[in-house]
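# Summary of structural features
Here is how the chains run, residue by residue.
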Amino acid sequence: YPTLVAMQADPEAIVQSQIGYAIGRVATDMEIVVRDLSPMLVDPAPRVRRSGVHGLGIAAQRRDTSEPGMKEAAALVAEKLDDTDKEVRYWATWMMMHFKTAARPHVSALLAQLHDSDNHVQEIALFALRALKLEPSTVVPVLWKRFNESTGDTRLRAAIALRAFGDEAEKIQPGLIAMLGSLGEKEFAAGQAELRRAMARP
C-alpha cells in the first residue's frame, strides 16, 4: 500500500488516471482512503481529480455506511459534483451511488445534476437517484416534473427512475405509476440486472 500511495507522484498520465482506483481497492480502512485520496481531488489536472473520485467510490462500494470515513468520503465526492470538468462531474455522480445512505445529505446536489450542461451527466444522475432511492419526498416530485417536461430518452429515463421508488412514489402522489402508462416498464425490469451489477461489491 505505501508503494501505491507513493505512485501518486508518478509523472505518467496513465498512472495518475488509475492510481486512485488501485488505492481504493487495496486500502483496508476508509479513513485511510480519505486521507490519501483527498489531495487528488484538488489537483489541477482533471485526470487526477477523476482518479481520486473513482478511488473513493470504489472503496465505498465494498463498505457499510456505518464504517468510519464513509460520511467524509461521500462529502468529498459530492464536492466534485460541480467540478469544472464534465468527466469529473460524471464520475462523481456515478460514484455517489456506492455511498448508499451516506449519500443522503447530498441528494439535493445530485438533483442539481439533472440540469448539468452535459447530457451524460444528466443521464447518470437519473441512474444514481434511481439506485439510491433516498429522500423520496424530495426526489419524486422533481422526477415527476422532469417526466412531464421532457421528451424522448430523457422522459423515458425519468419514468424508469420513478418506477424504482414504487410504493414510496405512490404515497407521495397516488396513481403516479399508473400515470406513467407502459413507458419504461420493460426497461425498468431489464435494467434491474444492470443496476445490481453496478452496485455489486467488487
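Worth saying up front: this structure is predicted, and the values here are computed from it rather than measured.

## Let's talk about unusual backbone geometry
Phi is positive for Lys133, close to 50°, though the residue is something other than glycine. Among the secondary structure elements, Lys133 is positioned in the loop between helix H8 (119-132) and helix H9 (136-149). Given the relative accessible area of 46%, Lys133 is considered partly exposed. Positioned with a positive phi, Glu135 is a non-glycine residue whose angle comes to about 45°. With a relative accessible area of 26%, Glu135 lands in the partly exposed category.

## A look at the packing of aromatic side chains
All told, the structure shown has four aromatic pairs when counted by the stated rule. Ring centres 5.9 Å apart and planes at 15° place the aromatic pair Trp94 and Phe127 in the stacked group. Of this pair, Trp94 sits in helix H6 (residues 86-96) while Phe127 sits in helix H8, and the two are 33 residues apart along the sequence. According to the relative accessible area criterion, Trp94 is partly exposed, its value standing at 22%. Grouping aromatic residues by their ring pairs yields a cluster made of Tyr90, Trp91, Trp94 and Phe127.

## Regarding the side chain of Arg146
As for its placement among the helices and strands, Arg146 is situated in helix H9. Salt bridges are absent for the buried Arg146, whose nearest opposite-charge side chain, Glu149, sits at 7.1 Å. At 2.7 Å, the side chain of Arg146 and the backbone oxygen of Leu114 are in polar contact.

## Considerations on the packing of helix H4 (residues 46-61) against H6
Packing of H4 against H6 brings their axes to within 9 Å, and their N-to-C directions diverge by 5°. Considering their axes alone, H4 and H6 lie roughly parallel with respect to each other. The segment H4 lies against H6, with Pro46, Arg49, Arg50, Val53, His54, Gly57 and Ile58 engaging Glu87, Val88, Trp91, Ala92 and Met95. Of the residues that constitute the contact of H4 with H6, the class distribution is seven nonpolar, two polar and three charged.

## Notes on the pattern of salt bridges
One pass over the structure, following the stated rule, counts 10 salt bridges. Here Arg49 and Asp83 are joined by a salt bridge, their closest N and O atoms 2.8 Å apart. Of this pair, Arg49 sits in helix H4 while Asp83 sits in the loop between helix H5 (70-79) and H6; the two residues are 34 residues apart in sequence, bridging distant segments of the chain. Asp83 matches Arg49 in its accessibility class, with the two residues each being buried. Measuring nitrogen to oxygen at the nearest pair gives 3.8 Å for the salt bridge that ties Asp118 to Lys86. Of this pair, Asp118 sits in the loop between helix H7 (107-112) and H8 while Lys86 sits in helix H6, placing them 32 residues apart in sequence. We classify Asp118 as buried; its relative accessible area is 13%. Take Lys86: its relative accessible area is 43%, and that puts it in the partly exposed class.

## Points about the nonpolar core
Ranked by internal contacts, the top residues of the largest apolar core, which has 57 residues, are Met30, Leu56, Val77, Met96, Phe99, Leu143 and Leu162. By residue number, the principal contributor to this core is H8, which donates eight residues.

## Regarding the packing of helix H3 (residues 30-37) against H4
The axes of two packed helices give the description: the angle between them and the distance between them. With their axes 10 Å apart at the nearest point, H3 and H4 run at an angle of 180° to one another. Overall, the two elements H3 and H4 adopt an arrangement that is roughly antiparallel. Residues Met30, Val33, Val34 and Leu37 of H3 touch H4, and the partners they reach there are Gly52, Gly55, Leu56, Ala59 and Ala60. Looking at the contact of H3 with H4, its residues break down into seven nonpolar, two polar and no charged.

So, how was this worked out
Here the residue index of a chain counts from 1 through its sequence in written order. The predicted nature of this model means local features are confined to residues of pLDDT at least 70 and side-chain atom pairs, given and counted, to a pLDDT of 80 or more, with totals for whole chains, interfaces and linings taken over all residues. Side-chain numbers here rest on the full set of heavy atoms in the structure, without hydrogens or water. Think of it this way: any DSSP run of H or I at least four residues long counts as a helix, any run of E at least two long counts as a strand, and we number them from the N terminus. Here's how the labels work: a residue is buried when its accessible area is under 20% of the maximum for its type, exposed when over 50%, partly exposed in between, all with a 1.4 Å probe on protein chains only. Centre distance within 6.5 Å is the pairing criterion for rings of Phe, Tyr and Trp, where only the six-membered ring of Trp is used; planes under 30 degrees apart are then read as stacked, over 60 as edge-to-face, and the remainder as tilted. This count recognises Lys and Arg as positive and Asp and Glu as negative, with His and chain-terminal groups excluded. When a carboxyl oxygen of Asp or Glu is within 4 Å of a side-chain nitrogen of Lys or Arg, the pair counts as a salt bridge. For this analysis, a polar contact is any N or O atom pair within 3.5 Å, provided that within protein one partner can donate a hydrogen and the other can accept it, and provided that sequence-adjacent residues contribute only side-chain to side-chain pairs. Here, axes are lines fitted to C-alpha atoms. For helices the fit covers the stretch in contact, and angles between N-to-C directions go from 0 to 180 degrees. Put simply, angles under 35 degrees are roughly parallel, angles over 145 are roughly antiparallel, angles from 65 to 115 are roughly perpendicular, and the rest are oblique. Residue contacts are defined here by distance: any two heavy atoms, one from each residue, within 4.5 Å place the two residues in contact. For this classification, Asp, Glu, Lys and Arg are treated as charged, while Ala, Val, Leu, Ile, Met, Phe, Trp, Tyr, Cys and Pro are nonpolar and the rest, including Gly, are polar. For our purposes a nonpolar core is just a set of buried Ala, Val, Leu, Ile, Met, Phe, Trp, Tyr and Cys residues, chained together by side-chain atoms within 4.5 Å.

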